[in-house]
Amino acid sequence: MGKKSVVWFEEVDKDDISWVGGKGANLGEMINAKFPIPYGFIITANAYFEFLEAGGIRKKIIQILKTVNYDNPNELQQASKNIQDLILKTNLPLNLAKKILHFYETLSWKEAQWYKSEKKSIIKKIMKIRSLYKLPLVAIRSSATAEDLPSASFAGQQETYLNVRGENHLLKRVKDCFASLFTERAIYYRHHHGFDHDQVGLAVIVQKMIESEKSGIAFSIDPVTNNKNKIVIEAIFGLGEYIVQGKVTPDHYEIDKRSFVILKKEINYQPKKLTKANVENKEVSLKKEEGKKQKLTNEEIIKLSLLVLEIEKFYYFPQDIEWAIEDDQIYIVQSRPVTTLKDAKNDTGKKLFLTEKPLLTGLPASPGIAFGYAKIILSPRDIEKVKNGDVLVAPATNPDYVPAMRKAAAIVTERGGRTSHAAIVSRELGVPAVVGAEGATKVIKSESLITVNGNTGEIFLGKVLPTSSKKTSSNKKLITATKVYVNLGEPDQIKEVVRKHVDGVGLLRAEFVIADLGIHPKEFIKEKNENLFVNHLKKELRKFVAAFSPRPVIYRATDFKTNEYRNLLGGKEFEPMEENPMLGFRGAFRYISNPEVFELELNAIRKIWEDGFRNLHLMIPFIRTNWELIKVKSIVEKAGLFRYPEFKFWIMVEVPSIALNIEEFLKIGVDGVSIGTNDLTMLILGVDRDNEAVTSIYDERTPIVLSVIEYVIKTCKKYGVTSSICGQAPSDYPEIIERLVRAGITSISVSPDAIERTREFIFEAEKKLLEKKNPH
């Protein structure tokens, strides 16, 4: 780029950070990569230094900064005022001013040329703007040359000016941006982080103004937990300034980065918005009905998520992205690297619990737990009240609060979301923070001792010590109405798992026991050695039954697929070759077509009942039709198991034909239903779960899958039939547990490693349900 003082976006890239700053370089890279960026130009740091030299003020600024005491707020304030006055009173060099105005006057024409190959609708819109206004409406943003680097975040320290039109107005705002490099907070930040004031320049971005109907921030990772598998979006109505300033609490959406399933939606009431009125910004009150609405449609959430992932892939680094929507078009205003990534050893993914009832609850914004004396700060003028170790409590924060935030043990704000100034700076400082805690400045008394849990968004009165979830489980057994079962298959696991706080075995797989024999069951029948098979199966099943008695053990009849059976000795003789064994000769249809092996299993189960055990029950997998259920029941009845009144007959719901018609199957008569999410998800979404090429589509949290699961649970509840879930979903995604509990599920069966945390999630979900039913 050489020594140019003004350049178009497409002229710059990542190698030009030293002259156009992080924001400018990113905009250049993204517009060249064809991302939807509002077009514009950059007044480079060359122009900034040219301005200082031509005006003779560069040495004066250095001299002022040499004598200031950075820890004295009054001296810092005076130094800032003196430098800003110098800048604002100095004229821009004539040649520089002319060059800036030439770029400004040709901006709309240049934009039309740049998008010449793009959609005609965009060009039509541009030409409409040109016909309405001689000079375009622009946003002016600062881009410090040490800003938005992975090692530093100058969050909100330099100014942004919206709705700027006219030559004089533009030139004035350029100087205002230059002056913003020397606010008290910016001076303090650079000094604290060891940046040389004289070497940090400032570029100014002049960008076509997007009149946002909706706007917000998106992260390509979870900024609080550093979970790289999530995309986090926060959204408000109107221009985006209110989201960063924390003046309103935004909607919060979490999206799975692999499958783009919307994992979480927090819809927050927005009482006001910032909008354009001519060339001014105007605050507008929203009607209650409008303020309560979800800000982005589900379609917009997915579209924006796809764009966020594309940008992260482009940069090979997690991104913090500002976006806006105008006329149904998503625009990326800027993208910068996430500056608050922690090492894995500092990860706070492990949930910490505080046993007391919280005084207030808000949104978790920066992880960690801390306590201290509350200082209510209603204005930046009061920040000197905050001493080391205090808890800063404010309506919201802005960059003027940073000196106090550095001293605080924790931070609480009444407004704002996880992308507000308070949240971003708290994470950078490593200070626990809770935002959006309504009424905090009134409910929390000044000088009272409080504890802030930044992991959960809770605020407690007094000093409350945390306990880890694991410790809580081992020291105190949580009692839940929803039972916690375990999925097992290996006898070697019994000794360890039986000691856990588990209510029984919700899925006992036969496949491991039979695979240990290494011989196809039909080979035993062929050789007339059926008793060897039955006795072996009985011996292995008895290990589980005896260990867990009187807790129930739900035995799933064999669900080998043909390709798996063929691997056993003799298997090639008895098993056909199938192109798609997952959807082939398996489950209930196999028992009906070739009942001999199924009858051996039933004999083993009956022998255990004859030995006096009353806790082994049967579950039939992969049922497709109602007549299959009728036929299988008749085989079980013939085996004599229904003679025992305590015996329970369960079925698995793995196929959409049974899930969507569950009422018909319940009428035939079953004691329990267990939802197998693995196959059910595969069949609803039409995705082979064993095929890596399409694995990103497979996700049990997809809304339609969860809706079908909820329908099955509610229908079982209506008929008084036990409902459970035994697929991998609750083990992998504990966030769905609350939905299962709300729907009325009676048990959840998980892998052994997930028993304790599942019990805790169920406990919390049931507590929420009770509190909702009995608010007092």
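Thresholds, definitions, all that
- Residues numbered from 1 in each chain as written.
- Predicted model: local features only at pLDDT ≥ 70, side-chain atom pairs only at ≥ 80, totals over all residues.
- Heavy atoms only, no water.
- Pairing = 2+ DSSP bridges.
- Helix = DSSP H or I, 4+ residues; strand = E, 2+ residues; numbered from the N terminus.
- Axes fitted to C-alpha atoms, helices over the stretch in contact; angles between N-to-C directions.
- Core = buried A, V, L, I, M, F, W, Y, C linked by side-chain atoms within 4.5 Å.
- Buried < 20%, exposed > 50% of the residue type's maximum accessible area, 1.4 Å probe, protein only.
- Contact = heavy atoms within 4.5 Å.
- Polar contact = N/O pair within 3.5 Å; in protein donor to acceptor, adjacent residues only side chain to side chain.
- Parallel < 35°, antiparallel > 145°, perpendicular 65-115°, else oblique.
- Nonpolar A, V, L, I, M, F, W, Y, C, P; charged D, E, K, R; others polar.

## A look at the sheet that holds strand E7 (residues 230-237)
With antiparallel pairing, 6 strands are arranged side by side in an open sheet as E9-E8-E7-E6-E12-E13. Of all the strands in the sheet, just strand E9 (262-266) and strand E13 (329-337) have a single pairing partner and so form its edges. Averaged over all pairs of adjacent strands, the angle between strand axes in this sheet comes to 20 degrees, irrespective of strand direction. Looking at chain direction, strand E6 (residues 214-219) and E7 are connected through 6 bridges and run antiparallel. The partner of Ala-218 across the bridge, within E7, is Ile-233.

## So, the nonpolar core
Core analysis: the largest hydrophobic core is formed by 87 residues, its most contacted members being Phe-598, Leu-618, Phe-649 and Val-673. The element contributing the most residues to this core is helix H24 (residues 595-610), with 8 residues. In this view, Leu-618 contacts Tyr-555, Ala-557, Phe-598, Leu-602, Ile-605, Val-636, Phe-647, Lys-648, Phe-649 and Trp-650; residues no more than four positions away in its chain are not counted. Core analysis: the next-biggest nonpolar cluster, separate from the first, contains 82 residues, Ile-31, Phe-35, Ile-42 and Phe-260 among them.

## Side note on the side chain of Arg-606
Note on placement: Arg-606 falls in helix H24. Only 2.9 Å separates the side chain of Arg-606 from the side chain of Asn-603, close enough to count as a polar contact. Other than its neighbours up to four places away in sequence, Arg-606 contacts Ala-639 and Leu-641.

## Some words on the pairing of strand E29 (residues 672-675)
Every second residue of E29 is oriented toward a common face, with Gly-672 and Ser-674 on one face and Val-673 and Ile-675 on the other, all of them buried. Two elements, strand E28 (residues 649-653) and E29, share 4 bridges in a ladder whose sense is parallel. Following the sheet pairing, Met-652 is matched in E29 by Ser-674. Relative to strand E30 (residues 722-725), E29 is paired through 4 bridges, and the arrangement is parallel. Bridged to Val-673 within E30 is Ser-723.

## Section: the packing of helix H1 (residues 17-32) against helix H12 (residues 298-315)
As a packed pair, H1 and H12 sit with axes 12 Å apart at the nearest point and diverge in direction by 110 degrees. By the angle between their axes, H1 is roughly perpendicular relative to H12. Within the contact between the two elements, H1 uses Asn-26, Glu-29 and Met-30 and H12 uses Ile-311, Phe-314 and Tyr-315. Its residues assigned to classes, the contact of H1 with H12 shows 4 nonpolar, 1 polar and 1 charged.

## Here we look at the sheet that holds E28
Ordered in space as E30-E29-E28-E27-E26-E25-E24-E31, the 8 strands form an open sheet in which the pairing is parallel. In the strand order of this sheet, the two ends are held by E30 and strand E31 (747-750), each with one partner. Put simply, the sheet's adjacent strands are angled 25 degrees from each other on average, direction ignored. Across 4 bridges, strand E24 (residues 483-488) lies against E31 in parallel orientation. Within the sheet, the bridge partner assigned to Lys-483 lies in E31 and is Ser-747. Contacts from helix H25 (residues 626-638) reach strand E27 (616-620) and E28 within the one sheet, and its direction differs from that of E28 by about 150 degrees.

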